[in-house]
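Letter by letter, the chains look like this.
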Amino acid sequence: MTAKGGVQYSKIAEIKGPLVVVDDVENAAFDELVEIETKEGERRLGKVLEVGNGKAIVQVFEGTTGLSISGTSAKFVGKLMEMPVSKEVLGRVFDGLGRPKDGLPDPIADKFIDINGEPMNPEQREYPKDFIQTGVSVIDGMITLVRGQKLPIFSGSGMSHNILAAQIARQANVVGTKDDFAVVFAAIGVQYSEAEYFRRSLEESGALKRSVLFLNTADDPAIERIITPRVALTVAEYLAFDLGMHVLVILTDMTNYAEALREISAAREEVPGRKGYPGYLYTDLSTIYERAGKLNGRKGSVTQVPILSMPSDDITHPIPDLTGYITEGQVVLGRDLFRQGVYPPINILMSLSRLMKDGIGAGSTREDHSEVSNQVYDAYSRAQEVRALAGIVGKAGLTEIDLKYMDVGDVFEKEFLTQATDENRTIEETLNLLWKIVSKLPKNEITKIKDKYVDQYYQEN
Amino acid sequence: MDKRHSLVSNSALEHTIDKILNQTEKNILSNIQSALSESQKTLDNAIPKLEQEYDKVISDGKKEADKIEKQIVGSSDLEARNKQLLALEEAIDKVFTKAIDQISNMAHSGDYSNLIKTLLDESTKILGTTKVIIYTNSKDKNVVQSLLSKYPGAEISSETIDCLGGITVKSKEGAMKFDNTLDARIQRLKPLIRKEIATKFGVGN
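Residues numbered from 1 in each chain as written. Chains lettered and ligands numbered in written order. Predicted model: local features only at pLDDT ≥ 70, side-chain atom pairs only at ≥ 80, totals over all residues. Heavy atoms only, no water.

Novice: How would you explain the sheet that holds strand β3 (residues 166-171) of chain B if you had to name every residue and give the values?
Specialist: Taken in spatial order, the 11 strands make up an open sheet running β2(A)-β3(A)-β6(A)-β5(A)-β4(A)-β7(A)-β1(A)-β4(B)-β3(B)-β1(B)-β2(B), and their pairing is mixed. Edge strands, defined here as strands with exactly one partner in the open sheet, are β2 (12-16) of chain A together with β2 (155-160) of chain B. Within this sheet the neighbouring strands show an average axis-to-axis angle of 30°, counted without direction. Packing of helix α2 (residues 112-127) of chain B onto the sheet brings it into contact with β1 (7-9) of chain A together with β1 (132-136), β3 and β4 (176-181) of chain B, and relative to β3 of chain B it is tilted by some 25°. (Pairing = 2+ DSSP bridges. Helix = DSSP H or I, 4+ residues; strand = E, 2+ residues; numbered from the N terminus. Axes fitted to C-alpha atoms, helices over the stretch in contact; angles between N-to-C directions. Contact = heavy atoms within 4.5 Å.)

Written as structure tokens, this is what we have:
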């Protein structure tokens, strides 16, 4: 940061959607921060999207409503957008652009960091293999999250993804280490009531102390949503790699981010890709998701749980589709379970954590974790088949063993999957519940678990 | 004969009654025995369940206590920190006000002319031309006027601006403007100055 400022240009050629085209511009740089000043002296922030032929296209984060060609000026600040960071950001609430929203002053910055971050050197990346306990049985037991992983939650409109997100934010912890843990929570285009719920939920549980909140509500300008995940990740990277903390970043709802990207793309008259999203949606999403990870020789880690609501529950929609290519698995919420009143309504058969196998077992969770989890997955899958069969032939037509599998399905949903929103289960409790499900089966049906574990943990009825 | 027969049948009846009574007594005793052992067994079975229940109540209570402790400690820590932040900001604001007072009261002579020259050099370089209109406050007008000959094509505006010192430069066609007043420079450096002040108060590095 220097005392040198930027040049202010007053020749506005065009205002188009969220974009302002400035004429006769010299020396503007791509991505440079711009201060737009209205006739009345109101200031809005923006960034350069395109420069050339004496013109600069500026994307205004706070929207162009009320701007006119005459009287508006654009000041090219001479630097990229930066986020002031220090340890003092913990416990703070910011808006979608990183400005305080809690009535407290700007944080006294240790550093000013470019919000686009620095790409991680692939060679320096460390393979994620340490368990994060979320306190949510189905995630810890069967879709285990590990430090440095990016594990999205695919949801649908109206489902309980935000309640789940808040629960994870409140309860998540690293076990077996004294390392500091922090949560960075970015709400992108959420309703005011949801934003308040997140804030209150963290405040009342005492978890706000170790959290940073970025709240962009639905009535905030859509373009601001492009920035929200980036400022959140900038803070997360600072906490992780400068202060050595393990940071869990929750981004909800990434669909709103993609919508904002589509809005800008349409205003720029770019050739649309699938469903009108820009052709570079994959690349753009990767610049966010790939900021998760661990680095060799550095203590901290950035773990990401992006949440996206699939339009019409369509998992082939471009947003979940492209997200799935980049991330390491997915947690899928099921509409049927949600309608039955199951919370969290996670459809385990469609969910997967690709890094789970490296984060569980002896030394991190328990030696029988992998096998008991596989057995329950298998049994629940069989239970679903039996339920379908019962729908055709009736319960009376089922064999004794089929009925046992139906029982497994019921116990799985009612006792293991179902959990109160404030219930924080330890990994031991979760594993014991998994064994309770397995123990509904006769021993000869248990084919995926070593005998020594069956002898040790099987619960005789 | 009838009397004898009656005596014999009475003793048989008594014998039968005794037998039934004995049998019933045995049955009752055996039932009591089995009920006792049954209840003993139930009691024995209930003990581990009770112990489990007891452990669960204790562990749930401990969890709840931990949760409440976290809530109380977390919110009071935050409250204390936030009060400290507000107090620090108030102190920083006081320092700023005092510094701005001192700057506005300082003499605009001596080295000040060099400062204005530096600001003019910087501004014309950034705009890429010396054909500019310069705006300044009434105090600095003479200083700027004395330097004007070094910038061919530059003019000083008759209008004055409200600032601590320094200049604002506008290209003659009016498309570009560069604010190089002391106010603008202080504003640009404010985050760094705040940090410096906070450090003096022993906060941060």
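Novice: So what about the side chain of E122 of chain B? Which residues, and what values?
Specialist: Residue and element names in this part refer to chain B. Here E122 is to be found in helix α2. Residue classification places E122 among the buried positions, given a relative accessible area of 15%. Among the polar contacts listed, one links the side chain of E122 to the side chain of N180, at a separation of 3.4 Å. (Buried < 20%, exposed > 50% of the residue type's maximum accessible area, 1.4 Å probe, protein only. Polar contact = N/O pair within 3.5 Å; in protein donor to acceptor, adjacent residues only side chain to side chain.)

Novice: Explain the domain arrangement of chain B residue by residue, including any values.
Specialist: Residues and elements named next belong to chain B. When its domains are assigned, chain B resolves into domain 1 (1-105) and domain 2 (108-200). A C-alpha centroid distance of 78 Å is found between domain 1 and domain 2. Each partner contributes to the interface: domain 1 provides eight residues, whereas domain 2 provides 10 residues. When domain 1 packs against domain 2, the two sides together hide about 840 Å² of surface, and 77% of this comes from carbon and sulfur. At the junction of domain 1 with domain 2, the criterion picks out one salt bridge. Linking R194 and E89 is a salt bridge whose minimum nitrogen-to-oxygen distance equals 2.8 Å. At the surface where domain 1 touches domain 2, the tally comes to two residue pairs in polar contact (both at pLDDT 80 or more). Classifying every residue of the side of domain 1 that touches domain 2 by side-chain character gives six nonpolar, one polar and one charged. (Domains from an automatic or database assignment. Buried area = accessible area lost by both parts, 1.4 Å probe. Salt bridge = Lys/Arg side-chain N within 4 Å of Asp/Glu carboxyl O. Nonpolar A, V, L, I, M, F, W, Y, C, P; charged D, E, K, R; others polar.)

Novice: Give a description of unusual backbone geometry that names residues and reports values.
Specialist: All names here are of chain A. In this structure, the amide linkage connecting T252 to the following residue, D253, adopts the cis form with an omega of 15°. The topology assignment puts D253 in the loop between β17 (246-252) and α5 (254-267). Following Y343, the chain continues to P344 via a peptide bond in cis, the omega torsion being -5°. Its identity is not glycine, yet D24 carries a phi of approximately 55°, on the positive side.

Novice: An account of the packing of aromatic side chains is needed here, citing residue identities and associated values.
Specialist: Enumeration over the complete set of coordinates arrives at eight aromatic pairs over all chains. One aromatic cluster is present, formed by F185, Y197 and F198 of chain A through successive ring pairs. One residue, R262 of chain A, lies across the ring of Y277 of chain A, its end atom 4.3 Å from the ring centre. In this structure, K190 of chain B packs its charged tip against the face of F96 of chain B, placed 5.1 Å from the ring centre. (Phe/Tyr/Trp six-rings, centres within 6.5 Å; stacked < 30°, edge-to-face > 60°. Lys NZ or Arg CZ within 6 Å of the ring centre and 35° of its normal.)

Novice: I'd like to hear about the interface of chain A and chain B, residue by residue, with values.
Specialist: The interface is formed by 35 residues belonging to chain A together with 32 residues belonging to chain B. E429 of chain A is the salt-bridge partner of K63 of chain B, the closest N and O atoms lying 2.9 Å from each other. For the interface between chain A and chain B, the tally reads 10 residue pairs in polar contact (both at pLDDT 80 or more). With three residues, β1 of chain A is the single largest residue contributor to the side of chain A that touches chain B. A breakdown of the residues in the side of chain A that touches chain B according to their chemical character gives 12 nonpolar, 12 polar and 11 charged. Sheet topology places β1 of chain A next to β4 of chain B; three bridges connect them, and they run antiparallel. For V7 of chain A, the partnering residue across the bridge sits in β4 of chain B and is F178 of chain B.

Novice: Provide a residue-level description of the layout of surface pockets, including the pertinent values.
Specialist: Taken as a whole, the largest pocket encloses approximately 1900 Å³ of empty space. What lines the largest pocket is a set of 49 residues, among which E423, N424, R425 and T426 of chain A together with K63 of chain B lie closest to the centre. Among the secondary structure elements, those contributing two or more residues to the lining of the largest pocket are α2 (161-171), α3 (192-204) and α12 (427-438) of chain A together with α1 (2-105) of chain B. For the lining of the largest pocket, the class distribution of residues is 10 nonpolar, 15 polar and 24 charged. (1 Å grid on protein atoms, 1.4 Å probe; cavity = no way out; pocket = protein on both sides within 12 Å on 5 of 7 lines; lining within 4 Å. Points joined across faces, edges and corners; volume = space filled by probe spheres on them.)

Novice: Any chance you could break down α5 of chain A for me, citing the residues and the numbers?
Specialist: Residues and elements named next belong to chain A. The first and last C-alpha atoms of α5 sit 20 Å apart over 14 residues, in line with the 20 Å expected at 1.5 Å per residue. Every buried residue of α5 is accounted for by M254, T255, Y257, A258, A260, L261, I264, S265 and A267. Backbone nitrogen of T255 and a side-chain oxygen of the N-cap are separated by 2.9 Å at the start of α5; the cap is D253. Taken from the residues just after α5, E269 is the one with a positive phi, measuring 55°. (Expected span 1.5 Å × (residues − 1).)

Novice: Describe the pattern of salt bridges, listing the residues and the values that go with them.
Specialist: All names here are of chain A. Counted by the stated rule, this structure contains 47 salt bridges over all chains. Across the pair R99 and E62 runs a salt bridge, and its minimum N-O distance is 2.8 Å. Within this pair, whereas R99 is found in the loop between β9 (93-95) and β10 (111-114), its partner E62 is found in the loop between β6 (55-60) and β7 (73-80), the two being separated by 37 residues in sequence. On the accessibility criterion, R99 (33% relative accessible area) is partly exposed. On the basis of relative accessible area, E62 is assigned to the buried category, the value being 18%. When the shortest N-O distance is used, the salt bridge between D313 and R335 registers 2.8 Å. Here R335 lies in helix α8 (residues 335-339) and D313 lies in the loop between β19 (301-310) and α7 (318-326), a separation of 22 residues in the sequence. Relative accessible area serves as the criterion here: at 31%, D313 is assigned to the partly exposed category. Connected through salt bridges with shared partners, the residues R125, K150, E290 and E328 form a single ionic network.

Novice: Run through the pairing of strand β16 (residues 211-217) of chain A, naming residues and quoting values.
Specialist: All names here are of chain A. Among the seven residues that make up β16, seven are buried, leaving the element largely enclosed by the rest of the structure. Alternating positions in β16 separate into two faces, S211, L213, L215 and T217 on one and V212, F214 and N216 on the other, with burial throughout. In this sheet, β16 lies alongside β9 in parallel orientation, the contact comprising three bridges. Across the sheet, F94 pairs through a bridge with F214, a residue of β16. As defined by bridge partners, strand β15 (residues 181-190) adjoins β16 across seven bridges and the pair is classed as parallel. Within β16, the residue paired with A187 across the bridge is L215. With α3 bridging β15 and its parallel neighbour β16, the resulting β-α-β unit is right-handed. (Right-handed = clockwise from strand over helix to strand, strands pointing away.)

Novice: Tell me about the packing of helix α6 (residues 281-289) of chain A against α7 of chain A, residues and numbers included.
Specialist: Residue and element names in this part refer to chain A. α7 packs onto α6 with a crossing angle of 55° between their chain directions and a minimal axis gap of 10 Å. Compared by their axis directions, α6 and α7 come out oblique. By crossing handedness, the relation of α6 to α7 is classed as right-handed. Each of L281, Y282, L285, S286 and Y289 in α6 lies in contact with α7, whose residues at this interface are P318, I319, L322, T323, Y325 and I326. Here the contact of α6 with α7 is composed, by residue class, of nine nonpolar, two polar and no charged. (Parallel < 35°, antiparallel > 145°, perpendicular 65-115°, else oblique. Left-handed = near helix turned anticlockwise from the far one by under 90°.)

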